Amino acid sequence: MNSRSCICVSAMKPCCRFLISFRSSSLFGFSPPSSGRLINSSKLHCTKIDSRSIRSGVHCRRFVLDRNDFSDSDSISWGGGSRVLRARGSSSSSSSSRGRGGRGVLLIPRVASDFRNHSSSSLDSHVNDKTFESMFVKPLVFKEVEKTQGRPKKESGNGGGKYANFGNVDVRRETERGSSQNDDEKEAWKLLRGAVVNYCGFPVGTVAANDPGDKQTLNYDQVFIRDFVPSAYAFLLDGEGEIVRNFLLHTLQLQSWEKTVDCHSPGPGLMPASFKVKSEPLEGNDGSFEEFLDPDFGGSAIGRVSPVDSGLWWIILLRAYGKLTGDYTLQERIDVQTGIKLILKLCLADGFDMFPTLLVTDGSCMIDRRMGIHGHPLEIQALFYSALRCAREMLIVNDGTKNLVAAVNNRLSALSFHIREYYWVDIKKINEIYRYNTEEYSADATNKFNIYPDQIPTWLVDWIPDKGGYFIGNLQPAHMDFRFFTLGNLWAVISSLGDQEQNEGVMTLIEEKWDDLVANMPLKICFPALEKDEWRIITGSDPKNTPWSYHNGGSWPTLLWQFTLACIKMGKLELAKKAVAVAEKRLKEDEWPEYYDTKSGRFVGKQSRLYQTWTIAGFLASKKLIEQPEKASLLFWEEDYQLLETCVCGLSRSSGGKNKCLRFTPPRS
């Protein structure tokens, strides 16, 4: 594929630079102009550059413009739209800029491709082409901004300000709906909007935490994909979609960035764990500077673990955006379709594993430290299943994608069977495991994973209720992790990874074990905690993951919105209200901490950041879901009976011996 790149430099001073990448004679769905008012070609010249030099981040340049550089008739237009930069005294100048100095700022924001006018079928011949994966096609959006005196203020960082604008929504909207909100909600919305990060004047996410007393921010001042999801749901449920759209497009571009750690590069479908808006001054002393996005794919993370869940969350959020805004054009764009395919290509790649579950290392999801979840953790499998269901809805089916769609269907069918059959435990199943024979060598063995009965922990014998059950945390040869992991079980319910009886069983168990899983603050990230020798061996004596703290049995309020969604699906709205009421008693008073410690969640976590954004957002999203339960139905999935009838092995139900399909094998009495 022939592609050309150029930097167009205006002859006007100071210069305006923007990146154009195009193929053949068509640029963003229309032919580039040869002359005329669209872009005055007499003022531009073109310089070829090495495409590798622009791949260190998404860049947005800002330039201080002198009013004498533009006449009242000067305009810049792209793609049929026109933005006019006018000097002071212009008849169309906004009232807010009258009487001020003659300086303005030209923005080149929202570096997002617009392939909607191209046929999606043209993508498929290039989806495996490395040159296609590294190509950047970025239209330009020129935004007229308020002229200010002196240097332009940086827009990166927190949205800040009592009356700050965020997207097209003024924060003063809060006063209009204040009568329907209590003090906790009003403060939460103010804090959430104060955590908004702008890039080139547009909202692109929220920082992980905004703790004013934090002397060492580490990476809490970055925008994390998984952390932004509850913020996105809160904004979408409040009718504000622009920030979510911007986030989806900018993180999509970061997907294509070079990712290398110790001379090794992972697949192109990997999404970053987080990104940060940075700025640096340009040459000269005119005050101009450029902003850029600096992504982290795990190369700077503690433990250097790549974020397996980031791409899964991105797909889930993309579907939610379409469902809650009605804007399905975003997911139909060819660049977005490409992003979905690259993530699926990474997840569905052939490997050595005999099972349909994803094999991952420790720390590759919300539990991002060593906690003994390496292998096939439930959290990843539940998010994987959810993302596959989302992708199946959003993929445009044609000759080029039919094989991928078939692969998605096959994996969905195999994964649901595997999790339902082997991860589910209740009192009956545990008793069955207790009586297992070991060292069975046959195709129809009962103890397929050679689980030793002595692995059943003593705490589980007394803890498992007579009614209800749950999906275990992990399954590998000769190993079952019997801990209850909340996020994985909630998403198994939300996505219908479990069947109806199992989904009801999970919610019943949470009710039965309320004092263990909720107590003084919802909800435990896992139960029980690793203690004594288990803690020393499995965590490596991690001082942050001490028993009943952080990931090791800590209580995380951000799980509240996912619990609320699961409750609404299962017809247990009152249970969700009960959990929200428990959280509401303390969150504002405790300054919105990241997590709580102790077995009952009584203490604010010993290393917990305050004003943690996803704590705030999780609370707000829960309140919105309770207010609008009809919207919750757009965000979860019911049982897909077509998947139940599909068996990837293609064997007959009546086949015998080794060729017998396990899906249709009746359970042993």
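Structural data are supplied above this passage.
The structure presented is a predicted model; accordingly, all values stated were derived computationally and were not measured.

**A word on the pairing of strand β10 (residues 196–199)**
Residues V196 and N198 point to one face of β10 and V197 and Y199 to the other, with burial holding for every one of them. Examined bridge by bridge, β10 and strand β11 (residues 202–206) share four bridges and lie antiparallel to one another. Within β11, the residue paired with V196 across the bridge is T206. Counting the residues in the hairpin turn of β10 and β11 gives two residues, including C200, whose phi is positive at 55°.

**Some words on the packing of aromatic side chains**
Within a pair of aromatic rings, the relevant descriptors are the distance that separates the centres and the angle that separates the planes. All told, the structure shown has 22 aromatic pairs when counted by the stated rule. For the ring pair W189 and F235, a centre distance of 6.3 Å and an interplane angle of 45° mean the geometry is tilted. Taken together, the residues W189 in helix α4 (residues 183–194) and F235 in helix α5 (residues 225–237) connect sequence positions 46 residues apart. Here the aromatic rings of W459 and W463 are separated by 5.6 Å at their centres, their planes lie at 70°, and the arrangement is edge-to-face. With W459 and W463 both in helix α13 (residues 458–463), this residue pair falls four residues apart, about one helical turn. Among the residues examined, W459 registers a relative accessible area of 26% and is labelled partly exposed. Judged by relative accessible area, which is 6%, W463 ranks as buried. The structure contains a cluster of three or more aromatic residues connected by ring pairs, namely W459, W463, Y470, F484, F527 and W548. Its end group placed over the ring of W514, K578 keeps NZ or CZ at 4.4 Å from the ring centre.

**Comments concerning unusual backbone geometry**
The omega torsion across P522 and L523 is -10°, close enough to zero to call that bond cis. The linkage connecting F527 with the following residue, P528, adopts the cis geometry, with an omega of -5°. Within the element layout of this structure, P528 appears in the loop between β18 (526–527) and α17 (532–539). Of note, the phi angle at A478 is positive, near 60°, even though the residue is not glycine. Counting through the fold element by element, A478 comes out in the loop between β16 (469–476) and β17 (479–485).

**So, the sheet that holds β16**
Two pairing modes exist for strands in a sheet, parallel and antiparallel, and in both the strands are linked by backbone hydrogen bonds. The strand order across the open sheet built from four strands is β15-β16-β17-β18, with neighbouring strands paired in antiparallel fashion. One side of each edge strand has no neighbouring strand; the edge strands of this open sheet are β15 (424–426) and β18. The strands that helix α12 (residues 427–434) touches are β15 and β17; relative to β15, the one it contacts most, it runs at about 95°.

**Brief notes about the packing of α5 against helix α20 (residues 613–627)**
Between α5 and α20, the shortest axis-to-axis distance is 8 Å and the interhelical angle comes to 35°. For the pair α5 and α20, the sense of crossing is left-handed. Each of R226, D227, P230, S231, Y233, A234 and L237 in α5 lies in contact with α20, whose residues at this interface are T613, W614, A617, G618, L620, A621, K624 and L625. Each residue belonging to the contact of α5 with α20 can be placed in one class, and the counts come to nine nonpolar, three polar and three charged.

**Quick look at the nonpolar core**
Core analysis: the biggest nonpolar cluster contains 157 residues, and W314, I340, Y470, W491 and F563 have the highest contact counts within it. Sequence-distant contacts of F563, that is, excluding residues within four places in its chain, are made with L490, M507, I510, W514, L523, L575, A576 and A579.

**Brief notes about the pairing of β17**
Most of β17 is tucked away, with six of its seven residues classed as buried. In textbook terms, the turn of a hairpin is the stretch between consecutive antiparallel strands, and for β16 and β17 this stretch comprises two residues, one of which, A478, has a positive phi near 60°. Taken together, the two bridges between β17 and β18 define a ladder with antiparallel strand orientation. Across the sheet, the residue bridging to F485 is C526, located in β18.

**Here we look at the environment of Q222**
One can find Q222 in the loop between β11 and β12 (223–224). Sequence separation between Q222 and D296 is 74 residues; the distance between their C-alpha atoms is 9.5 Å. If we skip the residues at most four places from it in the chain, Q222 touches T206, V207, A208, S274, F275, K276 and D296.

**Quick word on the side chain of N552**
Looking at the secondary structure, you find N552 in the loop between α17 and α18 (560–569). Not counting residues up to four positions away in its chain, the partners in contact with N552 are M371, C526, A529, L530, W535, N545, T546 and P547.

**Re helix α14 (residues 486–494)**
Most of α14 is tucked away: nine of the nine residues are buried. Every buried residue of α14 is accounted for by T486, L487, G488, N489, L490, W491, A492, V493 and I494. If you follow the buried residues of α14, they end up packed against α7 (308–325), α10 (378–394), β16, β17, α15 (500–512) and α18. Just beyond α14, the residue with positive phi is S496, at close to 60°.

**Regarding the environment of R483**
With respect to the helices, strands and loops of the structure, R483 is situated in strand β17. Overall, R483 belongs to the buried group, its relative accessible area being 6%. Spatially, the C-alpha atoms of R483 and L530 are 9.5 Å apart, while their sequence positions differ by 47 residues. With near-sequence residues (within four places) excluded, R483 lies in contact with M371, G372, I373, W459, Y470, I472, G473, F527, P528 and L530. In terms of polar contacts, R483 uses its side chain to reach the backbone carbonyl oxygen of M371, at 3.0 Å. Engagement of the side chain of R483 in a polar contact is seen with the side chain of D481, the distance being 2.7 Å.

**Quick look at the pattern of salt bridges**
One pass over the full model with this rule turns up 23 salt bridges. Linking R333 and D335 is a salt bridge whose minimum nitrogen-to-oxygen distance equals 3.0 Å. One exposure class covers both R333 and D335, and it is buried. With a shortest N-O distance of 2.5 Å, R536 and D533 are connected by a salt bridge. Highlighted residues: R536 and D533, both in helix α17, separated by three residues, approximately one helical turn.

Thresholds applied
- Residues numbered from 1 in each chain as written.
- Predicted model: local features only at pLDDT ≥ 70, side-chain atom pairs only at ≥ 80, totals over all residues.
- Heavy atoms only, no water.
- Buried < 20%, exposed > 50% of the residue type's maximum accessible area, 1.4 Å probe, protein only.
- Helix = DSSP H or I, 4+ residues; strand = E, 2+ residues; numbered from the N terminus.
- Pairing = 2+ DSSP bridges.
- Phe/Tyr/Trp six-rings, centres within 6.5 Å; stacked < 30°, edge-to-face > 60°.
- Lys NZ or Arg CZ within 6 Å of the ring centre and 35° of its normal.
- Contact = heavy atoms within 4.5 Å.
- Axes fitted to C-alpha atoms, helices over the stretch in contact; angles between N-to-C directions.
- Left-handed = near helix turned anticlockwise from the far one by under 90°.
- Nonpolar A, V, L, I, M, F, W, Y, C, P; charged D, E, K, R; others polar.
- Core = buried A, V, L, I, M, F, W, Y, C linked by side-chain atoms within 4.5 Å.
- Polar contact = N/O pair within 3.5 Å; in protein donor to acceptor, adjacent residues only side chain to side chain.
- Salt bridge = Lys/Arg side-chain N within 4 Å of Asp/Glu carboxyl O.

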